[in-house]
Amino acid sequence: MKLLKNIGLAIFLLGLVIFTALPFLGSFKMSEQIMLEQLSEQELGNLQSDFEEKIIDVEFGTSSAFGNAVIDIYNTKNEELKANEEWDKVMYTQEKEFAFKLAKASTTGFVADNKLLLFFLSFGLGILGALIYVYQDLKLLGPAGIKNDGVYHSAAQNRGWIGIVTFLWLVSFYVLLYFNPHIIVNLTNVVDPVKHLFNPEAGASQWFLYGFLYTVTMIVMGIRMLIKYRHNKYQVVRTITVVLFQLIFAFLMVEILPLFDLPAKDLKNAWPLDHYFLFDWNVQQLLSSGHFGKFLFFWGIILSIIVVPVMVYFFGKRWYCSWVCGCGGLAETLGDPYRQLSNKKLWTWKLERWLINGVLVFAVIMTIYTGYHTYNVYNNPDMDGKDILFGLSAYDVRSWYGFLIGSIFAGVIGTGFYPILGNRSWCRFGCPLAAYMGIVQRFKSRFRITTNGGQCISCGNCSTYCEQGIDVRAYAQKGQNIVRSSCVGCGVCAAVCPRGVLKLENGPEEGRFGNEGPIVLGNDGFKIDV
Ligand code: SF4
Ligand code: SF4
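Residues numbered from 1 in each chain as written. Chains lettered and ligands numbered in written order. Predicted model: local features only at pLDDT ≥ 70, side-chain atom pairs only at ≥ 80, totals over all residues. Heavy atoms only, no water.

1. As for the pattern of salt bridges
Here's step 1: With the rule as written, the count across this model stands at 19 salt bridges.
Here's step 2: Where Glu352 meets Arg428, a salt bridge forms, and the shortest distance between an N and an O atom there is 2.8 Å. Here Glu352, found in helix α18 (residues 346-379), pairs with Arg428, found in helix α21 (residues 425-429); they are 76 residues apart in sequence, far enough to count as distant. Neither residue differs from the other here; Glu352 and Arg428 are each classed as buried. (Salt bridge = Lys/Arg side-chain N within 4 Å of Asp/Glu carboxyl O. Helix = DSSP H or I, 4+ residues; strand = E, 2+ residues; numbered from the N terminus. Buried < 20%, exposed > 50% of the residue type's maximum accessible area, 1.4 Å probe, protein only.)

Given below as structure tokens:
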């Protein structure tokens, strides 16, 4: 069994090495025809002569080299146009997106001819190896029940060298994905065969690559969760649910809707997590896409204003964070091996409250700006400075929010730092939707974790594996209900408790905060006042 597990690991690593090597392979050569097809009239007017001199029919060894040459020409031309104040000719496409598009169309040679083979050698081997690896736990770990032995001696799970390498790999991937897509063109090339299952005409973008990788990772690591927590019905149902929400709503529907000329929206993505909601292009796209588009627009409003708080009232924020959300889903599956790394110190609790509520305030301000701009686009089309409010441009506010919160916090830190900060650093410190739901959960909800203090043996398993850094044991020892705003209701504290002390419950609000004074001694014995 151990041998099979090691074979699985070797196959997975081989797939990972091939995946990582892909950006360094292949060749990129742009023909005159590709240029004419890919560039707009304005871009041709600006760039054709430079392209013909420096890019056309020149072979580049990597997409990075090709992309950098394109970016160089693009930026030089744009600066020249700005210096000459030829504003009608200035190009506003993001230069790296522009380079990505051209590199993708100019892929030639081995990678272009062997996409399916390379897909199997990277994704195929990675998935196969990971499945063999996790499946062996079914036999190797013996009877059902959580086995967390040795996590603090593991180089992967306790910030050892494997954890550091994983962290560097994840952060690099996110930096390339968000800020340098032209470097990972080949990674998108090898998922073209999957993209063609949805649309034979279209090539995979970096967002298709991300969505596919995200979903596949959640499925494989979800299987690991099902094996690890198979004795616990709550964990089994929760894991299946969150993976299905990702697969159906965040991946399949986003790919299928555009085939019917409908907007590619993830229906479960609620504002303010969906920070694009009031952007002019989003509102325009939804309202011009017939009845379904209009339904999506009103659904977005109803979801955030009514469905989210009402559901949190009845079930706590767990209904979203642990059962529906893609970020939470990845944290609960890929991030599960790292949940013990969340910091439990008091200062992190204080930092958490400042940060997450600060992001919520930032999200509200950004939404006011974008809402004001969108309103003017519709109602005051001739107005000058439609985007300016209190001297600041809505474009600037939203691009700062997108950069700092949408990309750096949610992506690079939120997932890249799993092996260092634990699996829920985005949900705990950054997610504005979690902050919004946390306020409702703290003050107006039926959800609480009840604790049977008399049974607690103070082993500390619950606190150790609480991904939100809550010192669950401190509450359990006092027999106190846990009504913390940050609790995402993952239920792992209850699952790892050897004494059945903790119970996730939805009950009447009366008495929810009620047992803060007396300490319960024994199962149903007596109480003493302190
Ligand atoms: S207190 Fe328990 S249910 Fe809440 S986040 Fe922590 S481990 Fe999950
Ligand atoms: S895991 Fe259970 S027994 Fe151990 S400290 Fe927590 S509540 Fe007490």
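2. Quick look at the site of ligand 2
Here's step 1: What surrounds ligand 2 is a group of 13 residues, the closest being Cys456, Cys459, Gly460, Cys462 and Cys497.
Here's step 2: Every element with two or more residues in the shell around ligand 2 is listed here: α23 (461-464) and α24 (472-478). (Near = heavy atom within 4 Å.)

3. Remarks on the site of ligand 1
Here's step 1: Around ligand 1, the neighbouring residues are Ile449, Cys466, Gln468, Ile470, Val472, Cys487, Val488, Gly489, Cys490, Gly491 and Cys493.
Here's step 2: Of the residues in the shell around ligand 1, the class split is eight nonpolar, three polar and no charged. (Nonpolar A, V, L, I, M, F, W, Y, C, P; charged D, E, K, R; others polar.)

4. As for the nonpolar core
Here's step 1: Counting 42 residues, the largest nonpolar core has Leu273, Val308, Trp319, Tyr320, Trp426, Leu433 and Met437 as its most contacted members.
Here's step 2: Secondary structure elements with two or more residues in this core: α15 (290-315), α16 (318-321), α18, α19 (394-413), α21, α22 (432-443) and α25 (492-496).
Here's step 3: Those residues in contact with Leu273 that sit more than four places away from it in its chain are Tyr320, Cys325, Trp426, Cys431 and Leu433. (Core = buried A, V, L, I, M, F, W, Y, C linked by side-chain atoms within 4.5 Å. Contact = heavy atoms within 4.5 Å.)

5. Overview of the sheet that holds strand β3 (residues 107-108)
Here's step 1: Spatially, three strands are ordered β2-β1-β3 in an open sheet, and the strand pairing comes out antiparallel. Two strands in the sheet have a free side with no partner beyond their single neighbour: β2 (59-60) and β3.
Here's step 2: Two strands pair when backbone bridges link them, and strand β1 (residues 27-29) and β3 are joined in this way by two bridges, in the antiparallel orientation. Considered in β3, the bridge of Ser27 is made with Thr108. (Pairing = 2+ DSSP bridges.)

6. Remarks on helix α12 (residues 206-228)
Here's step 1: Between the first and last C-alpha of α12 there are 32 Å, a value that for 23 residues agrees with the 33 Å anticipated at 1.5 Å per step.
Here's step 2: Of all 23 residues that make up α12, 18 are buried, and the element is covered over most of its length.
Here's step 3: A side-chain oxygen of the first residue of α12 lies 3.2 Å from the backbone nitrogen of Trp207; this N-cap is Ser205. (Expected span 1.5 Å × (residues − 1). Polar contact = N/O pair within 3.5 Å; in protein donor to acceptor, adjacent residues only side chain to side chain.)

7. Description of the packing of aromatic side chains
Here's step 1: Taken as a whole and assessed by the stated rule, the structure comprises 39 aromatic pairs.
Here's step 2: Relative to Phe66, the ring of Phe28 has its centre 6.5 Å away and its plane inclined at 40°; by these criteria the two rings are tilted. With Phe28 in strand β1 and Phe66 in helix α4 (residues 63-83), the pair connects residues that are 38 residues apart, well separated along the chain.
Here's step 3: The class for Phe66 is buried, based on a relative accessible area of 0%.
Here's step 4: Centre to centre, the rings of Phe245 and Phe249 are 5.4 Å apart; their planes meet at 25°, and the pair counts as stacked. Pair noted here: Phe245 and Phe249 are both in helix α13 (residues 233-256), with a separation of four residues, about one helical turn.
Here's step 5: Residue Phe245 is classed as partly exposed on the basis of its relative accessible area of 25%.
Here's step 6: Using a relative accessible area of 24% as the deciding quantity, one classes Phe249 as partly exposed.
Here's step 7: The ring of Phe443 has Arg442 lying over it, and the distance from NZ or CZ to the ring centre is 5.6 Å.
Here's step 8: Across the ring face of Trp349, the terminal group of Arg484 is positioned such that the distance to the ring centre comes to 3.5 Å. (Phe/Tyr/Trp six-rings, centres within 6.5 Å; stacked < 30°, edge-to-face > 60°. Lys NZ or Arg CZ within 6 Å of the ring centre and 35° of its normal.)

8. Description of the environment of Tyr178
Here's step 1: Within the secondary structure, Tyr178 is located in helix α9 (residues 161-179).
Here's step 2: In this view, Tyr178 contacts Trp207, Tyr210, Gly406, Ser407, Gly411 and Val412; residues no more than four positions away in its chain are not counted.

9. Overview of the side chain of Ser289
Here's step 1: Relative to the helices and strands, Ser289 is located in the loop between α14 (280-287) and α15.
Here's step 2: Residue Ser289 is classed as buried on the basis of its relative accessible area of 15%.
Here's step 3: What Ser289 contacts, discounting residues up to four positions off in sequence, is Leu262 and Pro263.

10. Here's the deal with the pairing of strand β6 (residues 447-451)
Here's step 1: Buried residues dominate β6, accounting for five of its five residues.
Here's step 2: Burial along β6 is two-sided: the residues Phe447, Ile449 and Thr451 and Arg448 and Thr450 are all buried.
Here's step 3: As judged from the five bridges shared by β6 and strand β7 (residues 502-506), these two strands associate in the antiparallel manner. Along β7, the bridge assignment pairs Arg448 with Glu505.

11. A short note on the packing of helix α1 (residues 2-21) against helix α7 (residues 115-135)
Here's step 1: Here α1 crosses α7 at 155°, and the two axes come no closer than 7 Å. The angle between α1 and α7 places the two elements in the roughly antiparallel class. Taken as a pair, α1 and α7 cross one another with a handedness that is left-handed. Note on element contacts: α7 touches α1 through Leu121, Ser122, Phe123, Leu125, Gly126, Leu128, Gly129, Ala130, Ile132 and Tyr133, opposite Leu4, Lys5, Gly8, Leu9, Ile11, Phe12, Leu14, Gly15, Ile18 and Phe19.
Here's step 2: A class-by-class count of the residues in the contact of α1 with α7 yields 14 nonpolar, five polar and one charged. (Axes fitted to C-alpha atoms, helices over the stretch in contact; angles between N-to-C directions. Parallel < 35°, antiparallel > 145°, perpendicular 65-115°, else oblique. Left-handed = near helix turned anticlockwise from the far one by under 90°.)

12. Some thoughts on α19
Here's step 1: The axis of α19 is deflected most strongly, by about 30°, at Gly402.
Here's step 2: Residues of α19 that are buried include every one of Ala394, Val397, Arg398, Tyr401, Gly402, Ile405, Gly406, Ser407, Phe409, Gly411 and Val412, and no others.
Here's step 3: As for α19, its buried residues are in contact with α9, α14, α18, β5 (392-393), α21 and α22.
Here's step 4: Residue Ser393 occupies the N-cap position of α19, its side-chain oxygen lying 3.1 Å from the main-chain nitrogen of Tyr395. (Bend = angle between axes of the 7 residues up to and from the residue.)

13. A look at unusual backbone geometry
Here's step 1: Residues Trp271 and Pro272 are joined by a peptide bond in cis, for which omega reads 5°.
Here's step 2: We note that Glu85 has phi near 55°; this positive angle belongs to a residue other than glycine.
Here's step 3: Take Glu85: it is sitting in the loop between α4 and α5 (95-105).
Here's step 4: For Arg159, which is not glycine, the phi dihedral falls at a positive 60°.
Here's step 5: Locating Arg159 in the fold gives a position in the loop between α8 (137-140) and α9.

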